[in-house]
Amino acid sequence: VQLQACGGGSVQPGDSLRLSCEFSGGRFIDYVLAWFRQAPGKDREFAAAVSWTGVTKYYGDSVKGRFTISRDDAKNTVYLQMDSLKPEDAAVYYCAARRWLNDDYMMVSKYDYWGRGTEVTVSS
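Here is what the cut-offs are and how they apply
- Residues numbered from 1 in each chain as written.
- Predicted model: local features only at pLDDT ≥ 70, side-chain atom pairs only at ≥ 80, totals over all residues.
- Heavy atoms only, no water.
- Helix = DSSP H or I, 4+ residues; strand = E, 2+ residues; numbered from the N terminus.
- Buried < 20%, exposed > 50% of the residue type's maximum accessible area, 1.4 Å probe, protein only.
- Contact = heavy atoms within 4.5 Å.

Right, let's get into unusual backbone geometry. Phi is positive for Asn76, which is not a glycine, with a value near 50°. Position of Asn76 relative to the elements: it lies in the loop between strand E7 (67-72) and strand E8 (77-82). The phi dihedral of Ser84 is positive, around 50°, even though this residue is not glycine. Counting through the fold element by element, Ser84 comes out in the loop between E8 and strand E9 (91-98). Take Ser84: its relative accessible area is 40%, and that puts it in the partly exposed class.

Structure, rendered in structure tokens:
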């Protein structure tokens with residue numbers, strides 16, 4: 001399985017940005033997809049996850065209400081729509097995949113596949 005994230009950039013506080021992550025090398029609908037982020041000097045942090053069907057979604061407390069995760073099975077792509085961006089949202093964002101959705105969906109170590117990150121900068 002390979003994951004390729006893109007869509008990062010430099011924005012101002014309050015702006016929106018949509019990240020994309022293209023999945024290949026496996027059957028997309030068999031995988032739970034997630035987004036994590038890592039700011040300089042900090043641990044990698046869970047942002048959002050979506051189930052195989054796209055119906056069940058989870059969000060980290062710091063992004064809840066502002067970010068939306070979605071998946072397009074026809075395009076083998078998972079998205080992260082980020083609205084009302086704050087300076088503290090600045091980080092490298094990574095997409096990740098795993099087969100099973102359990103209560104440990106927030107744990108970095110439980111994901112089997114990772115893409116290269118895409119950087120988001122939020123500053124005025």
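Examined against the element boundaries, Ser20 turns out to sit in strand E3 (residues 17-24). Relative accessible area serves as the criterion here: at 15%, Ser20 is assigned to the buried category. In contact with Ser20, other than residues within four places in its own chain, are Gln4, Ala5, Cys6, Trp35, Thr77, Val78 and Tyr79.

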